[in-house]
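# A look at the structure
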Amino acid sequence: MKKWIIIIGSIIVVLIVIGVLHDAGYLNFKWTTLTNLFAALAGPYMLMKNKFFNRNSVSTVQEIIEKSKQGLLNDEEHRQEYDAKIAEKENEIKALEQHIVSLDKKINAISQQQANVHQEVQAMSPEQMMVEFEKYYNEKDD
């Protein structure tokens, strides 16, 4: 609570000083003047912030380093896990591609047989066709 009172008091004092200097004509609020003023106020502000909140302590930096190391280890574990999954999926894809190739070969063989059957039927006499028809018809009944 005391930290906030000191910070708020410092801000009020700075605003009063800026107001008095502007009223006296020492400050001409142009962009360059404002930029210089904010740059001049940034140094003490950072000093107060680091002094009161002490975010740059050795223990804090060490905690950040440890979290970073742990994050890198977790990333490595996830990467290895996903690499294994990817390798497994690639193997599945290769197996499916081989299966597709074998099915394509079977389809080509059946297409060739179909073309051969059509040519054989064209070469048959009507009596041979009737004999073959009866043979297949009787097989289907059994």
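What counts, and at which threshold
Each chain carries its own residue numbering, running from 1 in the written order of its sequence. Where totals are concerned, whole chains, interfaces and linings use all residues; where local detail is concerned, this predicted model gives features only for residues with pLDDT of at least 70, and gives and counts side-chain atom pairs only at 80 or more. Derived side-chain values reflect all non-hydrogen atoms in the structure, with water molecules and hydrogen atoms excluded from consideration. The helix count covers DSSP runs of H or I at least four residues long, the strand count covers runs of E at least two residues long, and both are numbered beginning at the N terminus. Whether a residue is buried, partly exposed or exposed follows from its accessible area with a 1.4 Å probe, protein chains only, as a fraction of its type maximum: under 20%, in between, or over 50%, in that order. Residues counted as positive are Lys and Arg, residues counted as negative are Asp and Glu, and His and the chain ends are not counted. Working definition for charges: the position is that of NZ of Lys, CZ of Arg, CG of Asp or CD of Glu. For patches, a residue must show more than 30% relative accessible area and have no salt bridge; joins then use 9 Å for like charges and 5 Å for nonpolar side chains, namely Val, Leu, Ile, Met, Phe, Trp and Tyr. The method behind every accessible area is Shrake-Rupley, applied with a 1.4 Å probe, and residues are considered shielded solely by the protein chains displayed. A carboxyl oxygen of Asp or Glu within 4 Å of a side-chain nitrogen of Lys or Arg is what we treat as a salt bridge.

### Brief notes about the overall build of the chain
- Assigned secondary structure in the chain consists of four helices and zero strands.
- The N-to-C order of helical and strand elements in the chain reads α-α-α-α.
- Along the three orthogonal principal directions, the C-alpha set of the chain runs to about 125 × 40 × 25 Å.
- In the chain, which comprises 142 residues, the proportion classed as buried is 4%.
- Looking at charge distribution, the chain has the averaged site of its 16 positive side-chain charges lying 25 Å from that of its 20 negative ones.

### Regarding the environment of Asn36
- Counting through the fold element by element, Asn36 comes out in helix α2 (residues 31-53).
- For Asn36 and Ala84, which are 48 residues apart along the polypeptide, the C-alpha to C-alpha distance reads 57 Å.

### What to know about a nonpolar patch on the surface
- Where nonpolar side chains cluster on the molecular surface, the patch consists of Trp4, Ile8, Ile12, Ile16 and Val20 and spans about 510 Å² of accessible area.
- You can call Val20 exposed: its relative accessible area is 51%.

### Some thoughts on the pattern of salt bridges
- The tally for this structure, following the rule as stated, stands at three salt bridges.
- The salt bridge involving Glu76 is made with Arg79; its shortest N-O contact spans 2.5 Å. In this pair, Glu76 and Arg79 are both assigned in helix α3 (residues 58-123), three residues apart and thus about one turn of the helix distant.
- Using a relative accessible area of 33% as the deciding quantity, one classes Glu76 as partly exposed.
- A salt bridge links Glu81 to Lys85; its shortest N-O distance comes to 3.6 Å. Note that Glu81 and Lys85 are positioned in helix α3 at a spacing of four residues, about one turn of the helix.
- Of the residues examined, Glu81 reaches a relative accessible area of 39% and is grouped as partly exposed.

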